[in-house]
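One letter stands for each residue in the lines below.
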Amino acid sequence: MAVKDRHTISTEVYDLADSGESIADRVKEALKVIEDALDMYTPEGVSISFNGGKDCTVLLHLYAAALVHRSPPSTTPIPAVYIPVPSPFTELEDFIKDSAKVYDLDLFTCASSSDVPLPVESVTTGTAIPTVLKQSDDYIGNLALTRPVGKARVGGGMRRALKMYKDKYPQIEAILIGTRRSDPHGATLTYKNRTDAGWPSFERINPIINWSYSDVWTFLRRLGVPYCSLYDQGYTSLGSIYNTFPNPALLVPDNTPSDMFPSLVTLVANDPSAMCIAETPLAPCQPKAAEDNNLGAFTIIASDPESTCAAEPSLEPPELVNGLSSDDTLGSFRVIANNPYTVCLAEGRPVNGNGHVKPPPQPPRYRPAYMLQDGSLERAGRVSRAALPGMA
C-alpha cells in the first residue's frame with residue numbers, strides 16, 4: 001500500500017477543491033468543516049474515527065490534507081480511534097493497519113477484555129430494494145431483520161468504547177466521523193453534533209455528511225486513494241463477516257451458453273452423461289499407426305493433440321455390431337481403439353436438455369463497488385445473521 005506524502009496529498013486535494021470538477025464543491029465544503037474544527041479545538045484536541053471503510057478513508061485523506069494546509073503545518077502523528085465490529089474481515093483489519101502506518105496515525109483500538117463485544121453492529125431495513133433483485137435467487141436480503149450482531153446491546157458497546165477513549169485521551173474534545181446523510185441515523189445530523197446526555201462528552205464532526213455514494217467513489221478514484229480490497233470484490237458496505245456480503249446488484253450475469261461444450265474432450269459413450277477422462281502426456285505426441293492401422297490401446301479423441309484418452313482392457317472380448325461394441329457387452333461405453341479388448345474409462349458429467357455436457361459451475365463474480373449506479377442500494381449486501389437460512 002503506497003500513499004503520497006502529506007504535502008503532496010494536500011496539494012492535490014486543495015487543487016481538486018479549486019477545480020471546476022463535479023466533486024469540487026463537496027471537497028471544498030468538507031475541508032471548511034475540518035478547518036473550522038481545527039481552529040476551535042487545535043490538532044491536539046481533534047481525533048478521527050477510522051474503521052477502514054470507504055467513507056472514513058475519504059475523510060482521512062481530507063484530514064491529512066487539511067493538517068498540512070494549516071499555518072504552521074501539522075505533521076505530528078494523527079490521533080485516531082478504531083472501534084471494531086464483532087468478527088471483522090481480515091482484509092479490513094489489514095487495511096486499517098497499513099493505513100495507520102502510511103498516514104502516521106496514533107491509532108487507539110477500543111478492545112474489551114470481557115466476552116461482551118464493545119461495538120454495536122445493526123442492520124437497517126430502510127433501503128429500497130428493486131423488485132427485480134428481491135425476486136432473484138442471488139438476493140439474500142429479503143428477510144433482513146434489524147437487530148444487533150453478537151451480544152452487543154444497542155448503544156451500549158459504542159458508549160463504553162468512547163468512555164475508554166475519553167479516559168485514555170482526555171485532551172480529545174472532537175472526533176471526525178465519516179457519516180453521510182444516507183447512513184442509518186444520519187438523516188438529521190449536521191456538521192457538528194454533541195454526544196447525547198449520559199455519553200462521554202465529544203463534539204462529533206461530520207465533514208462529508210452531504211456526500212453521496214458516487215461522490216465517495218469519484219474522490220477516491222480521482223486522486224488514486226488506496227481503499228480496502230473488499231470493495232473490488234463486490235462489497236459496498238462493510239460490517240461483520242456475519243452480516244456483510246457482496247452486493248447482489250453488482251452480480252455479473254452468467255453468460256455461459258447452455259449448450260457450451262468442453263473445448264478439449266469429446267463424448268465417446270452411448271450415455272451422454274459419460275465423458276472420457278483425458279490427460280496430458282509429458283511431451284507432445286501423436287499416435288503412430290502400425291502397418292495394419294492398429295492404433296494400440298488408445299487413440300486421440302480430443303481437439304488438443306497433446307491430450308489423450310486413458311483406456312483399460314475389458315475382461316472379455318465384446319460382441320461387435322457394425323464395428324462397434326454392443327450395449328449389452330460393454331455397458332454404456334463404445335470401443336474407441338482398434339483393439340476390441342480396450343475400452344475407455346469414463347465418468348459421469350451433468351448434461352443439459354440437449355444432451356451436452358454442462359461446464360463445471362463457477363463461483364459468482366461481482367463488479368467492484370464503484371460501479372454501483374444506484375446509491376440507494378449501497379447496503380443491499382448487509383443483512384442480519386438471523387435472516388440467513390441455518391444461521392438463526
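Below: a short report on this structure. On a predicted model such as this, the values are computed, not experimentally measured, just so you know. (Residues numbered from 1 in each chain as written. Predicted model: local features only at pLDDT ≥ 70, side-chain atom pairs only at ≥ 80, totals over all residues. Heavy atoms only, no water.)

### Focus: the nonpolar core
With 60 residues, the main nonpolar core has Val13, Val27, Leu62, Tyr63, Trp211 and Phe219 as its most contacted residues. Elements that contribute at least two residues to this core include exactly α1 (6-17), α2 (24-41), β1 (46-49), α3 (54-69), β2 (78-82), α4 (90-102), β4 (174-176) and α7 (213-222). Per-element accounting of this core gives the leading share, 10 residues, to α3. The residues contacting Val27, other than those within four sequence positions of it, are Val13, Leu16, Ala17, Leu62, Trp211 and Phe219. In this structure, Ala161, Leu162, Tyr169 and Phe202 belong to the second largest nonpolar core, which totals 11 residues. (Core = buried A, V, L, I, M, F, W, Y, C linked by side-chain atoms within 4.5 Å. Buried < 20%, exposed > 50% of the residue type's maximum accessible area, 1.4 Å probe, protein only. Helix = DSSP H or I, 4+ residues; strand = E, 2+ residues; numbered from the N terminus. Contact = heavy atoms within 4.5 Å.)

### Some thoughts on the packing of aromatic side chains
Inspection of every chain in the model, using the stated rule, returns 11 aromatic pairs. Ring geometry for Phe50 against Phe95: centres 6.4 Å apart, planes inclined by 40 degrees, an arrangement best described as tilted. Placement of the pair is Phe50 in the loop between β1 and α3 and Phe95 in helix α4, with a sequence separation of 45 residues. Members of the aromatic cluster, each reached through a chain of ring pairs, are Phe108, Tyr165, Tyr169 and Phe202. Over the face of the ring belonging to Phe202 we find Lys166, whose NZ or CZ atom lies 4.6 Å from the ring centre. (Phe/Tyr/Trp six-rings, centres within 6.5 Å; stacked < 30°, edge-to-face > 60°. Lys NZ or Arg CZ within 6 Å of the ring centre and 35° of its normal.)

### A word on the pairing of β1
Summarising the sheet, β1 and β4 pair through 3 bridges and their orientation is parallel. Following the sheet pairing, Ser47 is matched in β4 by Ile175. By the bridge criterion, 2 bridges tie β1 to β2 in an arrangement that is parallel. Counterpart to Ile48 in the pairing with β2 is Ala80. For the segment spanning β1, α3 and β2, crossover handedness is right-handed. (Pairing = 2+ DSSP bridges. Right-handed = clockwise from strand over helix to strand, strands pointing away.)

### Let's talk about α1
With 12 residues, α1 ought to run about 16 Å at 1.5 Å a step, and its terminal C-alpha atoms sit 16 Å apart, in line with that. Of all the residues in α1, the buried ones are Arg6, Ile9, Ser10, Val13, Tyr14, Leu16 and Ala17. Buried residues of α1, seen end-on, are gathered within an arc of 155 degrees and therefore sit on one face of the element. Turning to α1, the residues buried within the fold contact α2, α3, β2 and α7. Looking at where α1 begins, the residue whose side-chain oxygen comes 3.0 Å from the main-chain nitrogen of His7 is Asp5. (Expected span 1.5 Å × (residues − 1). Arc of directions from axis to C-beta. Polar contact = N/O pair within 3.5 Å; in protein donor to acceptor, adjacent residues only side chain to side chain.)

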